[in-house]
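# Structural overview
So you can see what is in the structure, the chains are spelled out below.
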Amino acid sequence: MTKQDIRESLRNAMVALDEEAVTKDTNRALEGGLGPLDTIEQALAPGLSIIGEKFENEEIFLPELMKAAEIFQSAMAILQPKIQELGVKNQKKGTIVIGTVKGDLHYIGKNIVKILLETSGYEVHDLGVDVDLFKFIEAADHCHADIIALSALLTSTLIGQKDLIEALTGMGKKERYKVIVGGGAVTSEWADEIGADGYAETGYQAVALVNRLVGKPGEAWGNHDGKERGDGD
Amino acid sequence: MLARDNEIDREIGENMLDFTDICVRTEEGQMMQNMDFYMKCFIPKLGEVVKKYDIKYDPDTPVPSDDALADRVFEAALEFFVDVGIYVPTTSRNVKFTRNEVEEAMRAVQGEVWFGEGAERKVMKMRRPDDGDLPWFHLSGGVHASSEQIFLNLVEAFARIPGCDSIGVPSLVKMRERSYRVKSPLELLACIRTVELAHQGLRRAGKPGMPILNNISTSTHAASTIAACNPDFGLRPSDGFYVDSLSEFIVDFETLNKAAFYNRWGANICSVSTPLLGGYGGGPEGTAVLGTAYMFIGPLVFKGEYNLNAALHFKHKVSTTRAMLWVDAVINQATTRNTKYPNLNLGYLASGGGTDMYYHETAAFLLSAIPSGGHVEATHASKAVVTDSVLPIEMAFNVEMGRVAAEMTRKDALPLVKQLLEKYENRLKEPPKGYVYPDAYAIESGKPKDQEYLKIVKNTKKELREMGLPIEDVFFH
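## Some remarks on the overall build of chain B
- Each helix and strand in chain B was counted, giving 16 helices and 18 strands.
- Principal-axis analysis of the C-alpha atoms gives chain B an extent of 60 × 55 × 40 Å.
- Looking at chain B as a whole, 64% of its 477 residues are labelled buried.
- Taking the intrachain contacts of chain B between residues at least 6 apart in sequence as the baseline, contacts between residues at least 24 apart amount to 80%.
- Computed over 53 positive and 63 negative side-chain charges, the inter-centroid distance for chain B is 3 Å.

## What to know about the overall build of chain A
- Looking only at helices and strands, chain A has 9 helices and 5 strands in total.
- Its helices and strands in sequence order give chain A the pattern α-α-α-α-β-α-β-α-β-α-β-α-β-α, from N to C terminus.
- Taken over the C-alpha trace, chain A has a radius of gyration of 19 Å; the compact-globule value for 233 residues is 17 Å, and the two agree within 12%.
- Counting only C-alpha atoms and orienting by the principal axes, one finds that chain A spans roughly 60 × 35 × 25 Å.

## Here we look at unusual backbone geometry
- Note the cis peptide between Ser247(B) and Glu248(B), where omega equals -10°.
- Mapping Glu248(B) onto the fold places it in the loop between β12 (240-244) and α9 (253-265).
- Residues other than glycine seldom take positive phi values, yet Asp130(A) does so here, at roughly 55°.
- Topologically, Asp130(A) is positioned in the loop between β2 (123-126) and α6 (133-142).
- For Asp130(A), a relative accessible area of 31% translates into the label partly exposed.

## Points about the interface of chain B and chain A
- Tallying the contact residues gives 33 residues for chain B and 29 residues for chain A.
- Of the roughly 2,500 Å² buried between chain B and chain A, counting both surfaces, carbon and sulfur atoms make up 63%.
- Along the contact surface separating chain B from chain A lie 4 salt bridges.
- Across the chain B-chain A interface, the total number found is 10 residue pairs in polar contact (both at pLDDT 80 or more).
- Put simply, the parts of the chain that give the side of chain B that touches chain A at least two residues each are α3 (34-52) and β14 (276-277) of chain B.
- Take the side of chain B that touches chain A: its biggest share by element is 5 residues, from α3(B).
- Split by residue class, the side of chain B that touches chain A holds 14 nonpolar, 11 polar and 8 charged.

## Considerations on the environment of Glu19(A)
Residue and element names in this part refer to chain A.
- If you trace the backbone, Glu-19 turns up in helix α2 (residues 19-31).
- Residue classification places Glu-19 among the partly exposed residues on the basis of a relative accessible area of 29%.
- Along the sequence, Glu-19 and Ala-68 sit 49 residues apart, while their C-alpha atoms lie 8.7 Å from each other.
- For Glu-19, the residues in contact, after removing those within four places along its chain, are Lys-67, Glu-70, Ile-71 and Ser-74.

## Concerning the pattern of salt bridges
All names here are of chain B.
- Across all of its chains, the model carries 40 salt bridges over all chains by this definition.
- The closest approach of N and O atoms between Asp-165 and Lys-122, which form a salt bridge, is 2.9 Å. A residue pair is termed long-range when its members are at least 10 positions apart, and Asp-165 in the loop between α6 (148-160) and β8 (166-168) and Lys-122 in strand β5 (residues 122-125) qualify at 43 residues.
- A relative accessible area of 12% means that Asp-165 is categorised as buried.
- Overall, the relative accessible area of 31% leaves Lys-122 in the partly exposed class.
- Asp-239 is the partner of Arg-236 in a salt bridge, and the nearest nitrogen-oxygen pair spans 2.9 Å. Asp-239 matches Arg-236 in its accessibility class, with the two residues each being buried.
- One salt-bridge network, held together by shared partners, links Asp-67, Asp-71, Asp-130, Arg-337 and Arg-410.

## Observations regarding the side chain of Ser151(A)
Residues and elements named next belong to chain A.
- Secondary-structure assignment places Ser-151 in strand β3 (residues 147-151).
- Judged by relative accessible area, Ser-151 falls into the buried class, the value being 13%.
- When sequence neighbours within four positions are dropped, the list of residues in contact with Ser-151 reads Gly-99, Thr-100, Val-101, Lys-110, Gln-161, Gly-182 and Gly-183.

## Some points on α9(B)
Residues and elements named next belong to chain B.
- Here α9 contains 13 residues, and its C-alpha end-to-end distance of 18 Å stays within 8% of the 18 Å for a straight helix at 1.5 Å per residue.
- All of the buried residues in α9 are Glu-254, Thr-255, Leu-256, Lys-258, Ala-259, Tyr-262 and Asn-263.
- In this fold, the buried residues of α9 make contact with α2 (19-25), α8 (222-228), β12, β13 (268-273) and α10 (284-302).

## Regarding the environment of Thr409(B)
Residue and element names in this part refer to chain B.
- Residue position: Thr-409 is located in the loop between α13 (392-406) and α14 (410-424).
- Linking Thr-409 and Ser-184, residues 225 residues apart in sequence, is a C-alpha distance of 48 Å.
- Apart from residues no more than four positions distant in its own chain, Thr-409 is found in contact with Asp-130 and Pro-371.

## Examining the domain arrangement of chain A
Residues and elements named next belong to chain A.
- In terms of domain boundaries, chain A breaks down into domain 1 (3-86) and domain 2 (95-213).
- Each side of the interface is counted separately: domain 1 has 10 residues, and domain 2 has 7 residues.
- Summed over both sides, the interface of domain 1 with domain 2 buries roughly 820 Å², with 80% coming from carbon and sulfur.
- Interface area lost by domain 1 to domain 2 is led by Glu-56, Leu-62 and Leu-65, which between them contribute 42%.
- Viewed at the interface, domain 2 and domain 1 are joined by 0 salt bridges.
- Here domain 1 is connected to domain 2 by 0 residue pairs in polar contact (both at pLDDT 80 or more).
- Those elements that provide at least two residues to the side of domain 1 that touches domain 2 are α3 (36-56) and α4 (62-86).
- Here the side of domain 1 that touches domain 2 is composed, by residue class, of 7 nonpolar, 1 polar and 2 charged.

## Considering the sheet that holds β2(A)
Residues and elements named next belong to chain A.
- Taken in spatial order, the 5 strands of this open sheet run β2-β1-β3-β4-β5, and their pairing is parallel. Single-partner strands in this sheet number two, and they are β2 and β5 (198-199).
- Pairing analysis gives 2 bridges linking strand β4 (residues 178-182) to β5, with the strands arranged parallel. Its bridge partner being in β5, Val-181 is matched across the sheet by Tyr-199.
- Relative to the sheet, α6 contacts β1 (95-100) and β3, its axis offset from that of β1 by approximately 165°.
- Running over the sheet, helix α9 (residues 203-213) touches β1, β3, β4 and β5 and is turned about 170° from β4.

Cut-offs used in this document
Residues numbered from 1 in each chain as written. Chains lettered and ligands numbered in written order. Predicted model: local features only at pLDDT ≥ 70, side-chain atom pairs only at ≥ 80, totals over all residues. Heavy atoms only, no water. Helix = DSSP H or I, 4+ residues; strand = E, 2+ residues; numbered from the N terminus. Buried < 20%, exposed > 50% of the residue type's maximum accessible area, 1.4 Å probe, protein only. Contact = heavy atoms within 4.5 Å. Lys, Arg positive; Asp, Glu negative; His and termini not counted. Charge placed at Lys NZ, Arg CZ, Asp CG, Glu CD. Rg over C-alpha atoms; globule rule 2.2 N^0.38 Å. Buried area = accessible area lost by both parts, 1.4 Å probe. Salt bridge = Lys/Arg side-chain N within 4 Å of Asp/Glu carboxyl O. Polar contact = N/O pair within 3.5 Å; in protein donor to acceptor, adjacent residues only side chain to side chain. Nonpolar A, V, L, I, M, F, W, Y, C, P; charged D, E, K, R; others polar. Expected span 1.5 Å × (residues − 1). Domains from an automatic or database assignment. Pairing = 2+ DSSP bridges. Axes fitted to C-alpha atoms, helices over the stretch in contact; angles between N-to-C directions.

Here's what the structure looks like:
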């Protein structure tokens, strides 16, 4: 099997949500000298990208997306020690703190965004639902987040998004983080009114928004020098 | 009469759980994390029953008339619910019920619910697919009104619409020009004010006894809801009281607190289900099974007497995609063929009022739900997020179109729904915004003022009549 064959096999296994085959092909990739970042960038990430497109086109739904995230994490568990051996840092495209604002218990939309961001190469810290605004700021400070993402389904909880921006401004931290908003009750007009840095109506739009704000969509997972990558077949 | 009194419930059968039994059980189920509930129980079992019962979505048949399919969906839903149960986040427990307990709760459902007072007292009866009976018309503006004047105008207009059986009131956006936040004293005050205004509007319409079915749309909190139920503010047990599960199958103590109060008050309880197509239910097949399984939560857990189904597409946030119409049709058919639990249907539309698309979407939704055995909560424009987007003429159209749909069988409706889908399906991503109340109506008189708005309404109704839908104007004609 050539390196290209291994990449294709792993990508196809990812798209087919075949966990056993993904595990097997990930090990095979390392044994075949692909290197962990090559394995991610040339096989797993393209597979996830196809899954994201299928989700956007409604060919698959949240259960399949969650399964994809689970399989991807199991592959990453195999690759992670090798990445550390390479001394590669900052393998994520950015860091996001996400949660549903105080008083709101809805979570499905937030969970979809979380999974799509994770499978797009972002580090996501999910604070859950009914989150106090200072918890968002503490978490963002702690993990040096690029973005704080706030979900709200109810009109009466929208104000929690406004509160967070007001608190960030009062603490002199507004310029440190981009704040993006979404959820059933949120509109682009509301996002403008409260001074949010972005609004997305769907999960896929949220990923595109994050890419625009902090990420580099064309660049894949690592801030690496290419040493670990195979030089061809 | 307190029909849910413990002793009376006990007489129904040995497997009948009363509300106190339910509350006790929320402390006794298996402890697990929320995500484990979905990943280990909910998603695998739903996939299993969809396959086992051979549930298949056909995009070419958005309104199916396959009774065998409906019955298989019902059986799949029952097996799914008995296996999976509900998740109570407050106690982190997965609470399950036996098949006997579920079946006994469903057998105890009366199949008819009395609402309202005096001259406006009416009964909502069970419908069946293709039965030709008129559905219940619940004209609801559970969307936000920017001022008390618009609020009053809307309530009065809804109540005056011939054929209106019950109303839902808008929610107030602000108290003294200030947005209120969830669980706040301002929210509680806004809830009380909402009820006071609703009764003022009903009196203006000369329909003081007309039932209010959406409880208090301003309220998100049990304390606010219960406060506004004080008799001094006007809500009555004969109104309708919504109790919502969170999507999917989440029943928290906030919800049960409301249900506890309504049960002891003897109020008409409505279970609310919002299965999400594309969410944990997966595709159309899983969502149809899930939406049907929600019908067991109402009578069993909340002691509900009827249901409100507001199934939604996870991405478009509407009820009118092709797959959503199929899902709603199947949920209604499965439920009304196999239970006595009346089901209202709320359609979320992409478009705004005063657009041709609003009328196309509403017609398609009603032609799917009503011949399938469902009752009607009037469709909500603009995904129900635009303030003042509820318009009286559009409310009246739900009655006009609903009466036509009631005369049709599922087979009659299918080709019409397909024609309507052709008109709007490719516009769902970027729908026309339409009108808001202050642009289309005179605030002082409450009458339509914008001629372009009226022209669009008139022309679109004409177009629908030419399609073979004999709509008769009931309002402002």
